[in-house]
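For reference, the chains in residue letters:
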Amino acid sequence: MFLAITNVPRDYAWGSTTAISDLLGRKPTGKPEAELWLGAHPGSPSIVVNPAVVDGADTLADWIAAQPERALGAGGRHLPFLMKILAAAKPLSIQAHPTPQQAREGFDRENRAGVPLIATERNYKDPFPKPEIIYALSDEFDALCGFRTVAETLADVDALDDSSGAFEPLRAHLADSLEATVAWLFEGDDAPALIEAVSAAATAAVSNAGAHAAISPTVATLADLAADYPGDPGIVVALLLNRVTLKRGQALFLPAGNIHAYLGGLGVELMAPSDNVLRGGLTPKHVDVPELMRVLDFEPLPAPSLEPVAVGPGVERFDPTEVGFALLHVTPGDAGAVVQLGGPSIVFVTSGELHLKGQDGNIKLGAGESVYVTPDEWRLAVTGTGEAFVATAA
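Here's what I pulled together on the structure shown here. If you're wondering where the values come from, they're calculated on a predicted model, not measured in any experiment.

## Some remarks on the overall build of the protein
And then number 1: Each helix and strand counted, the protein has 11 helices and 19 strands in total.
And then number 2: Here the protein has a C-alpha radius of gyration of 22 Å; the compact-globule value for 394 residues is 21 Å, and the two agree.
And then number 3: Seen through its C-alpha atoms, the protein measures out along the principal axes to roughly 70 × 50 × 40 Å.
And then number 4: Here the protein, with 394 residues, has 54% of them falling under the buried criterion.
And then number 5: Taking as baseline every contact in the protein between residues at least 6 positions apart, the subset at least 24 positions apart corresponds to 72%.
And then number 6: Looking at the protein as shown, the accessible area adds up to about 16600 Å², and 52% of this sits on carbon and sulfur atoms.
And then number 7: Where the 26 positive side-chain charges of the protein centre and where its 49 negative ones centre are 7 Å apart.

Here it is in structure tokens:
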């Protein structure tokens, strides 16, 4: 069964005013449009285009709740993913997500403590982890992700240091550990002076260079962050992280514990259907330092690139292990494409017009349109000219 769905973009302040509306072929509202959610998450469940098809259910979440076996398949309890179109004009907060065990324990702990689900100090809104994939749709998509080595950080510190001694506390904490450095940035009495020194040095480096190309991308990013978030510890946390620019078609996988922030660009995001976020700067929202420190993975690693696997003509599969979902990129071309699904799925068309034919049904989708696919349609023949992304259970 194919069920046409849509949604209204979330108007978070960091969102682009044009990127999502352009993709959907709609007139911009003039307000930020940050994320378009496609799924059954209660925060913004997809809207059913024709409710009469599913006995009047207005949202995908309502229909799944009413007919879980038909919607999810035998034994299905919830849709195991949330697909988003993300459009960032400004940086998102630095953040990390918990493991399955940390999510269950944190959710139970806050429930026992009587912390309301809507409380600003609440860390765990549900008992689920939130691993995620981001695929770049724009020509460039900029991000911070994962801790880099201390030596790489010190190379930028050396470039910024004016020999005044302001950077020595940072060097001392880095000589101890990344963990000690992050804790100090949020809780040390002398950390604000270091944050100010890094901000001033990065801003001066950009000004003196005259162009970001003359300095490292990390230093240029620090200057931008200092302008948007003066005095925020996240400015120096960003100095500890890998700075990445994805080209269109490239992807990252952010597992539990990976500290990251999206800086700008348009992308397809696929994640577990959770809202558990531990923030680590670049935000006016609550930062729970002890819980953040428990969740973070401090092992320095390269940027977590996720390479696709070609599973058939015109079909690439981005498939992290043991997360319960996969993202497929489909460009059928003249020969068409065959897409094997792992369970309930969502298809979103980004360009052109495509015809999807399953076991019992078929549907045509144009750019900006999306459809929920029930598990009985386990194999799709896709024809037409265009591009689509498929979120599927795995």
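Next comes the rest of the write-up.
## Some remarks on helix 4 (residues 100-112)
And then number 1: Counted at 1.5 Å a residue, the expected span for helix 4 with its 13 residues is 18 Å, and the 18 Å between its end C-alpha atoms agrees.
And then number 2: The complete set of buried residues in helix 4 reads Ala 103, Gly 106, Phe 107 and Glu 110. All buried residues of helix 4 project into a common sector of 100 degrees when viewed along the axis, lining one side.
And then number 3: One or two positions beyond helix 4, positive phi appears at Gly 114, with a value near 75 degrees.

## Quick notes on the pairing of strand 15 (residues 337-340)
And then number 1: Burial of strand 15 is one-sided: the residues Ala 337 and Val 339 facing one way are buried, the residues Val 338 and Gln 340 facing the other way are not.
And then number 2: In terms of strand pairing, strand 15 meets strand 19 (residues 379-393) through 4 bridges, oriented antiparallel. Opposite Val 338, over in strand 19, you have Ala 381 as the bridge partner.

## Details of the pattern of salt bridges
And then number 1: Evaluated as defined, the whole model comprises 12 salt bridges.
And then number 2: The partner of Glu 387 in a salt bridge is Arg 248, with the nearest N and O atoms 2.9 Å apart. Separated by 139 residues along the polypeptide, Glu 387 in strand 19 and Arg 248 in the loop between strand 8 (241-247) and strand 9 (251-254) bring together distant segments of the chain.
And then number 3: Arg 248 gets classed as partly exposed once you look at its relative accessible area, which sits at 40%.

## Details of the packing of aromatic side chains
And then number 1: Going through the model one piece at a time under the given rule, you end up with 6 aromatic pairs.
And then number 2: Residues Trp 63 and Tyr 372 carry aromatic rings whose centres are separated by 6.3 Å and whose planes lie at 85 degrees to one another, so their mutual orientation is edge-to-face. Here Tyr 372 lies in strand 18 (residues 370-373) and Trp 63 lies in helix 2 (residues 60-66), a separation of 309 residues in the sequence. One exposure class covers both Trp 63 and Tyr 372, and it is buried.
And then number 3: Ring centres of Tyr 135 and Phe 389 lie 4.7 Å apart, and the angle between their planes is 70 degrees; this geometry places the pair in the edge-to-face category. Placement of Tyr 135 in strand 6 (residues 132-136) and of Phe 389 in strand 19 is noted, with a sequence separation of 254 residues between them. Phe 389 matches Tyr 135 in its accessibility class, with the two residues each being buried.
And then number 4: Between the NZ or CZ atom of Arg 10 and the centre of the ring of Trp 37, over which it lies, the distance is 4.9 Å.

## Considering unusual backbone geometry
And then number 1: Of note, Asp 55 is a non-glycine position whose phi angle comes to about 55 degrees, a positive value.
And then number 2: Among the secondary structure elements, Asp 55 is positioned in the loop between strand 3 (47-48) and helix 2.
And then number 3: Under the relative-accessibility criterion, Asp 55 is labelled exposed at 69%.
And then number 4: One non-glycine residue, Leu 282, lies in the positive phi region at around 60 degrees.
And then number 5: Along the chain, Leu 282 turns up in the loop between strand 11 (278-279) and helix 11 (289-295).
And then number 6: The buried category is assigned to Leu 282, whose relative accessible area is 2%.

## Let's talk about the side chain of Ser 370
And then number 1: Note that Ser 370 resides in strand 18.
And then number 2: Of the polar contacts made by the side chain of Ser 370, one reaches the backbone oxygen of Ile 5; its length is 2.8 Å.

Conventions adopted
- Residues numbered from 1 in each chain as written.
- Predicted model: local features only at pLDDT ≥ 70, side-chain atom pairs only at ≥ 80, totals over all residues.
- Heavy atoms only, no water.
- Helix = DSSP H or I, 4+ residues; strand = E, 2+ residues; numbered from the N terminus.
- Rg over C-alpha atoms; globule rule 2.2 N^0.38 Å.
- Buried < 20%, exposed > 50% of the residue type's maximum accessible area, 1.4 Å probe, protein only.
- Contact = heavy atoms within 4.5 Å.
- Areas by Shrake-Rupley, 256 points an atom, 1.4 Å probe, with all protein chains shown as cover.
- Lys, Arg positive; Asp, Glu negative; His and termini not counted.
- Charge placed at Lys NZ, Arg CZ, Asp CG, Glu CD.
- Expected span 1.5 Å × (residues − 1).
- Arc of directions from axis to C-beta.
- Pairing = 2+ DSSP bridges.
- Salt bridge = Lys/Arg side-chain N within 4 Å of Asp/Glu carboxyl O.
- Phe/Tyr/Trp six-rings, centres within 6.5 Å; stacked < 30°, edge-to-face > 60°.
- Lys NZ or Arg CZ within 6 Å of the ring centre and 35° of its normal.
- Polar contact = N/O pair within 3.5 Å; in protein donor to acceptor, adjacent residues only side chain to side chain.

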